[in-house]
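Here is how the chains run, residue by residue.
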Amino acid sequence: LNVINGFEASAALRAGLELSIFDALAEGPLSSGDVAEARGLPRRSTRILLDALAALDLLETKDGTFSLRPLAKTFLVSTGENFMAGTAISLHPAMWEAYGRLTEAVRSDGTPLAAHAATPEHDFWTVFSTASSSFAKLSAERMADALAPHLPDGKAFRVLDVACGSGFYGGT
């Protein structure tokens, strides 16, 4: 059921991002009516979306208000240092549409994308580079923390980065 309903969770997350729900809650708890008003949305559907995001453990609800859970506050507020909506390649409109063509792509030994991602200047690479740099930054910070106790004091060292993503943070 988690796999079957995964699409619904992704759809709720995508809607929350596209409607800037997480940004609306960045300053603190708000009622669903306040979120609806801040984003120019209908109250009923906004409350339903907020409830769905709370069910996904992205929002907390208490005394009629909604607030960001730590994960959402860290990664889903567009002005945040670790904003990861760009990393949600799966939520990019081109990819979202492509998933509906996956069966045919397998049958035809092709791509579900309207144009193959290897096409020069394809928009996918802008999305991918944003996504991979966000993930790479967090991974690089964790790796640096893990390696720090084993590094010689102030001496140069080498690290072999094999298939670890874009390589963007490998040299830092």
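Residues numbered from 1 in each chain as written. Predicted model: local features only at pLDDT ≥ 70, side-chain atom pairs only at ≥ 80, totals over all residues. Heavy atoms only, no water.

Participant: Help me understand the packing of helix α1 (residues 2-18) against helix α4 (residues 43-55) in this model?
Facilitator: In a pair of packed helices, the angle between the axes and the distance between the axes together describe the arrangement. For the pair α1 and α4, the least separation of the axes is 10 Å and the interaxial angle reads 120°. Taken together, the axis directions place α1 and α4 in an arrangement best described as oblique. Of the two elements, α1 crosses α4, and the hand of that crossing is left-handed. Touching A12, L13, A15 and G16 of α1 are L49, A52 and L53, all from α4. Taken together, the residues of the contact of α1 with α4 break down into six nonpolar, one polar and no charged. (Axes fitted to C-alpha atoms, helices over the stretch in contact; angles between N-to-C directions. Helix = DSSP H or I, 4+ residues; strand = E, 2+ residues; numbered from the N terminus. Parallel < 35°, antiparallel > 145°, perpendicular 65-115°, else oblique. Left-handed = near helix turned anticlockwise from the far one by under 90°. Contact = heavy atoms within 4.5 Å. Nonpolar A, V, L, I, M, F, W, Y, C, P; charged D, E, K, R; others polar.)

Participant: Where do I start with the nonpolar core in this structure?
Facilitator: Looking at soluble globular proteins, one finds that nonpolar side chains tend to be buried together. Ranked by size, the top nonpolar core spans 20 residues in total, and within it I21, F22, L25, L50, L53, L59 and L68 carry the most contacts. Per element, the largest residue contribution to this core is four residues, and it comes from α4. The contacts of L68, once residues within four sequence positions are left out, are F22, L25, A26, L58, L59, K73 and V77. (Core = buried A, V, L, I, M, F, W, Y, C linked by side-chain atoms within 4.5 Å. Buried < 20%, exposed > 50% of the residue type's maximum accessible area, 1.4 Å probe, protein only.)

Participant: What's the story with the side chain of S32 in this structure? I'm lost.
Facilitator: Structurally, the position occupied by S32 is in helix α3 (residues 32-39). When its relative accessible area of 15% is taken as the criterion, S32 is described as buried. Those residues in contact with S32 that sit more than four places away from it in its chain are T46, R47, L50, G64 and F66.

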